[in-house]
Amino acid sequence: MKKGVLYLWVLLVGLSCTSNDEATKGTFPDNLVNKKSSQHQRVLGTNLLAIIPSSYKFVNPFRYVKSENEFIILSKLQMPFKYQERKSALEVKDPEAETLRFKELTFNNLPALFRESVIVDKNQHFYLLNYGDDANSYMLLSQCNLDSAESRDEMLSILKSICVDEDVEFDPLETATFAFDESITNFKIAKVNINDFRYTADGKYLDNNKIVNSILVNEMGPSTQSSRIQLMEYWSKTYLKSKIYNTKNNWKETKIGEYDALEFETDFSLNGVDGKVYFVILSDPQQRTMKFTGIAFDEINNHINKYKETVKTIKFK
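What counts and how
- Residues numbered from 1 in each chain as written.
- Predicted model: local features only at pLDDT ≥ 70, side-chain atom pairs only at ≥ 80, totals over all residues.
- Heavy atoms only, no water.
- Helix = DSSP H or I, 4+ residues; strand = E, 2+ residues; numbered from the N terminus.
- Rg over C-alpha atoms; globule rule 2.2 N^0.38 Å.
- Contact = heavy atoms within 4.5 Å.
- Areas by Shrake-Rupley, 256 points an atom, 1.4 Å probe, with all protein chains shown as cover.
- Phe/Tyr/Trp six-rings, centres within 6.5 Å; stacked < 30°, edge-to-face > 60°.
- Buried < 20%, exposed > 50% of the residue type's maximum accessible area, 1.4 Å probe, protein only.
- Lys NZ or Arg CZ within 6 Å of the ring centre and 35° of its normal.
- Pairing = 2+ DSSP bridges.
- Patch = residues over 30% accessible without salt bridge, like charges linked within 9 Å, V, L, I, M, F, W, Y side chains within 5 Å.
- Salt bridge = Lys/Arg side-chain N within 4 Å of Asp/Glu carboxyl O.
- Lys, Arg positive; Asp, Glu negative; His and termini not counted.
- Charge placed at Lys NZ, Arg CZ, Asp CG, Glu CD.

Asks: A description of the overall build of the protein chain should follow, citing residues and the corresponding values.
Replies: Across its full length, the protein chain holds five helices and 19 strands. For a compact globule of 317 residues, the expected C-alpha radius of gyration is about 20 Å, and the protein chain comes in at 21 Å, within 12% of that figure. When the backbone C-alpha atoms are referred to their principal axes, the protein chain occupies close to 65 × 45 × 35 Å. Put simply, 58% of the contacts in the protein chain that link residues at least 6 apart link residues at least 24 apart. For the protein chain, the exposed area adds up to about 15800 Å²; of that, 49% sits on carbon and sulfur atoms.

Following this line, the structure appears as structure tokens:
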């Protein structure tokens, strides 16, 4: 399975379902609908629920780890589930992994896709469940040892236990590995997708209206200096290409507080609207990495200056 698949963001949620013949065959049943039970626990940072054995330890990002190479990732994305796009992507033959089963089904009254695959020479087994509606997408991925029937059964049970508690109250930032002084801009959290955190003045950020002043913090995990430079080259060129007269890729290496940083600022255009972007890739001594992006479409200089002051207050937790 491609390495990128291992970072698919997955969320676990509650089960109160009955067993059936298909479940005993080690695959995912169709038309399964779950309800919250006393066995459910909430996945941190979300309103997802799942029945998870106590032997699994929660580790960011939304990963429940059983052993070094055995884990299940649980994620909820605040974006539409585009069924045909996901189906086409999952049907593409993986050059590394062999697909054992691929199923189109219904889960919790929503359209869903289920895939089981293996990489025999690496002793790896995978379950992938992807489902959602016009508001949210749910990505659930497990990896365990191919020769461990116990782990396969456990992880399939976790996937089958997923449900959502629409009434639960939680802090969407409870899993964030960073903090900064939010009073500088007074922006509010607007959207959280796994390890991406978006802030705006009114706490709203709509897919059909992205022409708003905003801050986006991306938690990137550990990285090397060379990989950070490659990412900076890629991202900065993307912004430069949005305006014809932008020609200089003038990012710089610097120090912001106690952290190593790559810093970039340029004019850009989004959907024909001119603005300015300021972004920084920060890393700590343990090579933990995050990207801070501040975008301004009005009161541009004022907002860019506030973004720069905000970056100075960022701390890794």
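Asks: Kindly report on the packing of aromatic side chains, identifying the contributing residues and their values.
Replies: Taken as a whole and judged by the stated rule, the model has 17 aromatic pairs. Consider the rings of phenylalanine 178 and phenylalanine 197, whose centres lie 5.2 Å apart with planes at 75°: the pair is edge-to-face. Taken as a pair, phenylalanine 178 in strand β11 (residues 178–179) and phenylalanine 197 in strand β13 (residues 196–200) lie far apart in primary sequence, 19 residues in all. The exposure classification of phenylalanine 178 matches that of phenylalanine 197, with both residues buried. An aromatic cluster of at least three residues, connected via ring pairs, comprises Phe28, Phe107, Phe114, Tyr127, Tyr131 and Tyr138. Lying over the aromatic face of tryptophan 235, lysine 291 brings its terminal NZ or CZ to 4.2 Å of the ring centre.

Asks: Talk me through unusual backbone geometry; I want residue IDs and the actual numbers.
Replies: Both trends apply: most residues other than glycine have a negative phi, and most peptide bonds are in trans. The backbone of asparagine 109 shows a phi angle near 65°, a positive value even though the residue is not glycine. Note on placement: asparagine 109 falls in the loop between β6 (98–107) and β7 (110–119). According to the relative accessible area criterion, asparagine 109 is exposed, its value standing at 60%. A positive phi angle is found at asparagine 123, which is not glycine, with a value near 55°. On the secondary structure map, asparagine 123 appears in the loop between β7 and β8 (124–132).

Asks: Break down the environment of alanine 201 for me, citing the residues and quoting the values.
Replies: Examined against the element boundaries, alanine 201 turns out to sit in the loop between β13 and β14 (214–222). Taking C-alpha positions, alanine 201 is 11 Å from isoleucine 184, a pair spaced 17 residues apart along the chain. Once you skip the residues sitting within four places of it in the chain, alanine 201 turns out to touch Asn186, Phe187, Lys188 and Asn213.

Asks: So what's going on with the pairing of strand β5 (residues 70–77)? Which residues, and what values?
Replies: Counting buried positions along β5 gives eight out of eight residues, so the element sits mostly inside the fold. Examined bridge by bridge, strand β4 (residues 63–67) and β5 share four bridges and lie antiparallel to one another. Looking at the pairing, valine 65 lines up with phenylalanine 71 of β5. Counted along the chain from β4 to the antiparallel partner β5, the turn is two residues long. Pairing of β5 with strand β9 (residues 137–145), which is carried by seven bridges, proceeds in the antiparallel orientation. Residue pairing across strands places phenylalanine 71 opposite glutamine 143, the latter belonging to β9.

Asks: Which residues make up the pairing of β7, and what are the values?
Replies: Buried residues dominate β7, accounting for nine of its 10 residues. As paired strands, β6 and β7 are joined by nine bridges and run antiparallel to one another. Of the residues in β7, the one forming a bridge with lysine 103 is phenylalanine 114. Linking β6 back to β7 in an antiparallel pair, the connection comprises two residues, with asparagine 108 at a positive phi of about 50°.

Asks: How would you explain a negative patch on the surface if you had to name every residue and give the values?
Replies: Side chains of Asp133, Asp134, Glu166 and Asp167 sit close together on the surface and give a patch of like negative charge. Within the fold, glutamate 166 resides in the loop between β10 (163–164) and β11.

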